[in-house]
Amino acid sequence: MTELSFRAVAAGPEHGPSLVQLFVRAEVHCYCRYWHFTGTSNAWLDRTAHHPDDNRGEMLRALASHSDEMSGVVALEGERAIGWMKVAPAAAVPKLYAQRLYRRLPCFDGEREGVFAIGCVLVDPARRRSRVA
C-alpha cells in the first residue's frame, strides 16, 4: 500500500482561504451553506448562481467564529486544501432532518445529543480517485 501524500485536520479559521480556493477549483458555489440557507429552493438556486460571494462570506465567518455550521475535516497537501468534509452536530443542520426523504424514517427520530451528520464531501477535481475521500 502506498503512503498518502496528505493529512486530515479539523477545520479552523486558518483554513478559510484554502477552502475558498478548493470550492473555486471545483466550481462549487455553495461554499457548504445549503444546510443553513432558510429560503426557498428557487432562492437558493438564484443565490448560488448570482450571489456566491454571500455563501463564501458566510462560510468564512462561520469558520472564524468556530461555528458548528462549519465543523469538519480538511484534507491538506502542504497548506493547500484538497478535500473537505462537513461533520457537524445534528443540531447545526436541522434542515437535513426536515428533508422529505428523511423526515419519516424512525432512525431520524429521538434525541440528537452527541449525533453528528456528514453534510458535504468535496474533493479537488485533480485529486479525485486518489484516496482523498
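Above this text you will find the structure in question.
Residues numbered from 1 in each chain as written. Predicted model: local features only at pLDDT ≥ 70, side-chain atom pairs only at ≥ 80, totals over all residues. Heavy atoms only, no water.

### Focus: the pattern of salt bridges
Moving on, step 1. Counted under the stated rule, the structure contains eight salt bridges.
Moving on, step 2. For the salt bridge of Glu79 with Arg7, the shortest nitrogen-to-oxygen distance reads 3.3 Å. Here Glu79 is found in the loop between β2 (72-77) and β3 (80-89), whereas its partner Arg7 is found in strand β1 (residues 7-10), with 72 residues between them in sequence.
Moving on, step 3. On the accessibility criterion, Glu79 (61% relative accessible area) is exposed.
Moving on, step 4. It is possible to trace a salt-bridge network through shared partners that takes in Arg33, Arg47, Glu58 and Glu69. (Salt bridge = Lys/Arg side-chain N within 4 Å of Asp/Glu carboxyl O. Helix = DSSP H or I, 4+ residues; strand = E, 2+ residues; numbered from the N terminus. Buried < 20%, exposed > 50% of the residue type's maximum accessible area, 1.4 Å probe, protein only.)

### Concerning the sheet that holds β2
Moving on, step 1. With antiparallel pairing, the four strands of this open sheet are ordered in space as β1-β2-β3-β4. The open sheet has two free edges, formed respectively by β1 and β4 (116-123), since each of these has just one partner strand. Going from strand to strand, the sheet's axes swing by 20° on average, the running direction of each strand aside.
Moving on, step 2. By the bridge criterion, four bridges tie β1 to β2 in an arrangement that is antiparallel. Residue pairing for β2: Val9 is matched across the bridge by Val74.
Moving on, step 3. Each of β2, β3 and β4 is contacted by helix α1 (residues 16-25), which is oriented at about 100° to β3, the strand it contacts most. (Pairing = 2+ DSSP bridges. Axes fitted to C-alpha atoms, helices over the stretch in contact; angles between N-to-C directions. Contact = heavy atoms within 4.5 Å.)

### Side note on the nonpolar core
Moving on, step 1. Ranked by internal contacts, the top residues of the largest apolar core, which has 21 residues, are Leu19, Phe23, Met59, Met70, Val74 and Trp84.
Moving on, step 2. At the level of secondary structure, the elements contributing two or more residues to this core comprise α1, α3 (52-64), β2, β3 and β4.
Moving on, step 3. If one sorts the elements of this core by residue count, α1 sits on top with four residues.
Moving on, step 4. Sequence-distant contacts of Met70, that is, excluding residues within four places in its chain, are made with Ala11, Tyr31, Cys32, Arg33, Met59, Ala62, Leu63, Trp84 and Lys86.
Moving on, step 5. Among the nonpolar cores identified, the runner-up in size contains eight residues, and Ala88, Ala92, Tyr97 and Ala117 belong to it. (Core = buried A, V, L, I, M, F, W, Y, C linked by side-chain atoms within 4.5 Å.)

### Concerning unusual backbone geometry
Moving on, step 1. A positive phi angle, close to 55°, is found at Glu27, a residue other than glycine.
Moving on, step 2. The backbone phi angle of Tyr31 is positive, close to 50°, even though this residue is not glycine.
Moving on, step 3. Examined against the element boundaries, Tyr31 turns out to sit in the loop between α1 and α2 (41-50).
Moving on, step 4. Given a relative accessible area of 3%, Tyr31 falls into the buried group.

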